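Summary of structural features
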Amino acid sequence: MLKGFLRLQSPLRSTLSLRKVSPRNQHLGIALRYSTATAERKRFYQDVSISQGEGGVFEINLDRRKLKTPGGKLFTAPNEALAIAVATEWDAQRDTLKFYTMHLTTLCNTALDNPTERNKDQMINASLKFLETDTVCYRVEEPPALVELQKNEWDPVLHWIENRYNVNIGSSSSILGPDIPEATKDTFRQHLNSYNFWSLTGLEYVITQLKSVVLTMGIIDRHLSVEQAVLLSRLEEEYQIRRWGNVEWAHDYDMYELRARTAAGALFVHLTSESSTVKRKLLQD
Amino acid sequence: MAALSSPLRVCRGIMKELRAIQGPSYKKSLAYSYVMDQFRKNKVTGERYCRAQQEAHHDAHTYLCLLASTRNHLILHNLYHGKGERSPEEVAGLVGLRLPTQPGGKGWEK
């Protein structure tokens, strides 16, 4: 499994060293080439640097070797900011490589390799599925304190997005959720379609993390901070914590993980969508 | 617009995280020079309302959140989940119990 996660450019050396690391994985087929992110291996490099390759894309160098994706492609990032952030992740690793802490690297790998071989339409449809069961649209009927909390915290975001995109979403306490009008879905379908493949990869990632299209658009449109969105996504859990107490190894652990993943996804969207890479002074008359 | 802490605080926060990642030589890192450069570029503009500046501020805040959350998550992971699964004896010990022992070894009932 480790073999697939990272391939380096000097084939002989990497095969040798990898064989030492994972002899019992040799027989595993292509199906398992995408390893679980929990696998760890030793840090085998000292220096991490970036360089600009052909076509203006940025590459990551570990010592003198170029980083590759799990699929065996050359790892490239579309701009300097993302490349530096990825390089920083590699530089942050101490003795072992902890891939589950390298969210931006993972997102780039996903966008480059597209392991599930989906196109934009499929990704948009998968994302819009979350709108039908959006976290902020599902309300409880009891206990009253939680009903009140959901109303106070979720309604403002819901109103914001309805005004921002001029759509109708609504909320419901029925098990079937609210009835989202077709026009609303069309609006979001069109909007999501305006993102490129990379941004959409990040966008879908954030949506699946927060289980909410509304909160995701809140972050991407910079209406909410990551912390706010994560709090809103975990509202019921926070309510239960306030009532029954906080357990560090479950609640805090989950929260930090969710924050890290959401922040990585949001940053990934912003860094890969065209609008944010052009930063120029706006002149006012 | 989301309520964010001031750009200076965010900048300091990112520097603190970079130092935690890279140690004392963090000022030589790529990330340090890039982040400082971005903050300087977006520092003061003549406009009362500058969209690019706010975007950069939000992104910086997001990056700080990424670095800090990853660090905290890793600390908790190493503390509670890093050692793999506990043995049945350890699990029982956590709640103050001991596993039953079989006095005569396996199959002594016969």
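Let me sum up the structure you'll find in this document. (Residues numbered from 1 in each chain as written. Chains lettered and ligands numbered in written order. Predicted model: local features only at pLDDT ≥ 70, side-chain atom pairs only at ≥ 80, totals over all residues. Heavy atoms only, no water.)

Section: the overall build of chain B
The helix and strand inventory of chain B stands at four helices and zero strands. Each helix and strand of chain B, placed in order from N terminus to C terminus, yields the pattern α-α-α-α. Counting all 110 residues of chain B, 39% fall into the buried class. Once local pairs closer than 6 in sequence are excluded, the contacts in chain B between residues at least 24 apart make up 56%. Of the roughly 7,500 Å² that chain B leaves accessible, carbon and sulfur atoms contribute 56%. (Helix = DSSP H or I, 4+ residues; strand = E, 2+ residues; numbered from the N terminus. Buried < 20%, exposed > 50% of the residue type's maximum accessible area, 1.4 Å probe, protein only. Contact = heavy atoms within 4.5 Å. Areas by Shrake-Rupley, 256 points an atom, 1.4 Å probe, with all protein chains shown as cover.)

Observations concerning the environment of Asn125(A)
You can see Asn125(A) is positioned in helix α5 (residues 120-132). Taking C-alpha positions, Asn125(A) is 9.8 Å from Leu192(A), a pair spaced 67 residues apart along the chain.

Here we look at the pairing of strand β3 (residues 58-62) of chain A
All names here are of chain A. Extensive coverage of β3 is indicated by the burial of five of its five residues. Of the two faces of β3, the one carrying Phe58, Ile60 and Leu62 and the one carrying Glu59 and Asn61 are both buried. Summarising the sheet, strand β2 (residues 48-52) and β3 pair through five bridges and their orientation is antiparallel. Each residue of the ladder has a partner; that of Ser49, found in β3, is Asn61. Taking the residues between adjacent antiparallel strands as the criterion, β2 and β3 are bridged by five residues, where Gly55 takes a positive phi near 75°. By the bridge criterion, two bridges tie β3 to strand β5 (residues 76-77) in an arrangement that is antiparallel. Each bridged residue has a counterpart across the sheet, and for Phe58 the counterpart in β5 is Ala77. (Pairing = 2+ DSSP bridges.)

Some details on the packing of aromatic side chains
Residue and element names in this part refer to chain A. Under the defined criterion, the tally for this structure stands at six aromatic pairs over all chains. Measuring from ring centre to ring centre gives 5.1 Å for Phe44 and Tyr45, while their planes differ by 80°; the resulting arrangement is edge-to-face. A relative accessible area of 22% places Phe44 in the partly exposed class. Directly above the aromatic system of Tyr165 lies the positively charged group of Arg164, at a separation of 4.6 Å from the ring centroid. (Phe/Tyr/Trp six-rings, centres within 6.5 Å; stacked < 30°, edge-to-face > 60°. Lys NZ or Arg CZ within 6 Å of the ring centre and 35° of its normal.)

Notes on the side chain of Thr88(A)
Within the secondary structure layout, Thr88(A) lies in helix α3 (residues 80-91). The class of Thr88(A) is buried, set by a relative accessible area of 4%. Here Ile84(A) takes part through its backbone oxygen, which lies 2.7 Å from a polar atom of the side chain of Thr88(A). Beyond its immediate chain neighbours, meaning those up to four positions away, Thr88(A) contacts Leu18(B), Ile21(B), Gln22(B), Ala31(B) and Tyr63(B). (Polar contact = N/O pair within 3.5 Å; in protein donor to acceptor, adjacent residues only side chain to side chain.)

Some details on the interface of chain B and chain A
Facing the 39 residues of chain B at the interface are 44 residues of chain A. Summed over the shared surface of chain B and chain A, the number is two salt bridges. Across the contact surface, chain B and chain A share ten residue pairs in polar contact (both at pLDDT 80 or more). Looking at the side of chain B that touches chain A, the elements that each hand over two or more residues are α1 (7-22), α2 (30-41) and α3 (51-81) of chain B. Residue contributions to the side of chain B that touches chain A peak at 22 residues, all from α3(B). Of the residues in the side of chain B that touches chain A, the class split is 20 nonpolar, 14 polar and five charged. (Salt bridge = Lys/Arg side-chain N within 4 Å of Asp/Glu carboxyl O. Nonpolar A, V, L, I, M, F, W, Y, C, P; charged D, E, K, R; others polar.)

Describing the nonpolar core
Ranked by size, the top nonpolar core spans 94 residues in total, and within it Ile60(A), Trp90(A), Leu104(A), Ile169(A), Phe188(A) and Ile14(B) carry the most contacts. Of all the elements, helix α12 (residues 248-272) of chain A adds the most residues to this core, at eleven residues. Among all residues touching Ile169(A), those that are not within four sequence positions of it are Cys137(A), Leu158(A), Ile161(A), Glu162(A), Pro178(A), Asp179(A), Ile180(A), Thr184(A), Phe188(A) and Val214(A). (Core = buried A, V, L, I, M, F, W, Y, C linked by side-chain atoms within 4.5 Å.)

Observations regarding unusual backbone geometry
All names here are of chain A. Here the residue pair Glu142 and Pro143 is connected by a cis peptide bond, since its omega of -5° sits within 30 degrees of zero. The topology assignment puts Pro143 in the loop between α5 and α6 (144-164). With a phi angle near 45°, Asn114 is a residue other than glycine that sits in the positive phi range. Judged by its relative accessible area of 18%, Asn114 falls in the buried class. Backbone geometry places Arg222, a non-glycine residue, at a positive phi of 60°.

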